[in-house]
Amino acid sequence: MTKTSDAELDVFVKSALGKKARNPVLLDVRHLTSLADAFLICHGTSNRQVSAIAEHIQRDLKKQGIKALSVDGLKEGHWVLMDYGHVVVHVFFESTRSFYNLEGLWSDARRIQTESLKQVVDYPDDDMDVDESIFIE
């Protein structure tokens, strides 16, 4: 993978925040995987918002000449995976994000603080509890 600067990564964060993506986290995974340099993880509070966030990211980045290699899960709105080569964007429905807990899975990854992320004020989601047990009957 190439060396990607924080400023280059910030365009992805700005695009996600353009549709009010919640709790964005940018992980530096360069030293942990060959899949990408960074993962951007965020969520929406409804399936419709998840799809809207992902569509906005896709349109906004395309205007800047950045095209996705692939996008999966857009219609369902539970987990949209957007592959930009050096950056993989994960837009979750909030309960799906909690269930898969990618931040925990990639806990060895350094968190990147871009200019846009420094300005974000996140309030805890009432329904987000990563320690919550999920029972399937």
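Quick note: structure is the one above.
Residues numbered from 1 in each chain as written. Predicted model: local features only at pLDDT ≥ 70, side-chain atom pairs only at ≥ 80, totals over all residues. Heavy atoms only, no water.

A. Representation of the pairing of strand β2 (residues 38-44) within the structure. Where burial is concerned, most of β2 is hidden: seven out of the seven residues are buried. Of the two faces of β2, both are covered, the one formed by A38, L40, C42 and G44 as well as the one formed by F39, I41 and H43. Bridge analysis of strand β1 (residues 22-28) against β2 gives five bridges, and the strand direction is antiparallel. Paired with R22 across the two strands is H43, which belongs to β2. As paired elements, β2 and strand β5 (residues 87-93) share seven bridges and run parallel to each other. Note that in β5 the partner of I41 across the bridge is H90. (Buried < 20%, exposed > 50% of the residue type's maximum accessible area, 1.4 Å probe, protein only. Helix = DSSP H or I, 4+ residues; strand = E, 2+ residues; numbered from the N terminus. Pairing = 2+ DSSP bridges.)

B. Just the nonpolar core, in detail. In this structure, L26, I57, Y84, V89 and V91 are the most contacted members of the largest nonpolar core, which totals 23 residues. When contributions to this core are tallied by element, the ones reaching two or more residues are α1 (6-17), β2, α2 (47-63), β4 (79-83) and β5. Excluding residues that lie within four positions of it along the chain, V91 makes contacts with C42, V50, I53, I57, H78, W79 and V80. Judged by nonpolar contacts, the second largest core, of eleven residues, contains V25, V29, A36 and F92. (Core = buried A, V, L, I, M, F, W, Y, C linked by side-chain atoms within 4.5 Å. Contact = heavy atoms within 4.5 Å.)

C. Broad picture of α2. Given a rise of 1.5 Å per residue, 17 residues ought to cover 24 Å, and the 25 Å separating the end C-alpha atoms of α2 matches this to within 8%. Restricting attention to buried positions, one finds in α2 the residues Q49, V50, S51, I53, A54, H56, I57 and L61. In this fold, the buried residues of α2 make contact with α1, β2, β4 and β5. A positive backbone phi angle near 85° is found at G65, which sits one or two residues after α2. (Expected span 1.5 Å × (residues − 1).)

D. Spotlight on the sheet that holds β5. Pairing within the open sheet is mixed, and its six strands lie in the order β3-β4-β5-β2-β1-β6. Looking at strand neighbours, the two that pair on one side only are β3 (70-72) and β6 (110-111), the edges of this open sheet. The sheet contact formed by β1 and β6 spans two bridges and is antiparallel. Opposite D28, over in β6, you have R110 as the bridge partner. The strands touched by α1 are β1, β2 and β5; relative to β2, the strand with the most contacts, the crossing angle is about 10°. Against the sheet, α2 makes contact with β2, β3, β4 and β5, and its axis sits at roughly 160° relative to β5, the strand it touches most. (Axes fitted to C-alpha atoms, helices over the stretch in contact; angles between N-to-C directions.)

E. Structural context of the packing of aromatic side chains. Tallying each qualifying case throughout the model produces five aromatic pairs. Consider the rings of F12 and Y84, whose centres lie 5.3 Å apart with planes at 70°: the pair is edge-to-face. One end of the pair, F12, is in helix α1; the other, Y84, is in the loop between β4 and β5, with 72 residues separating them in the sequence. Note on F12: relative accessible area 2%, which makes it buried. Their ring planes at 90° and their centres at 5.2 Å tell us that F39 and W106 sit as a pair that is edge-to-face. Of this pair, F39 sits in strand β2 while W106 sits in the loop between α4 (102-105) and β6, placing them 67 residues apart in sequence. (Phe/Tyr/Trp six-rings, centres within 6.5 Å; stacked < 30°, edge-to-face > 60°.)

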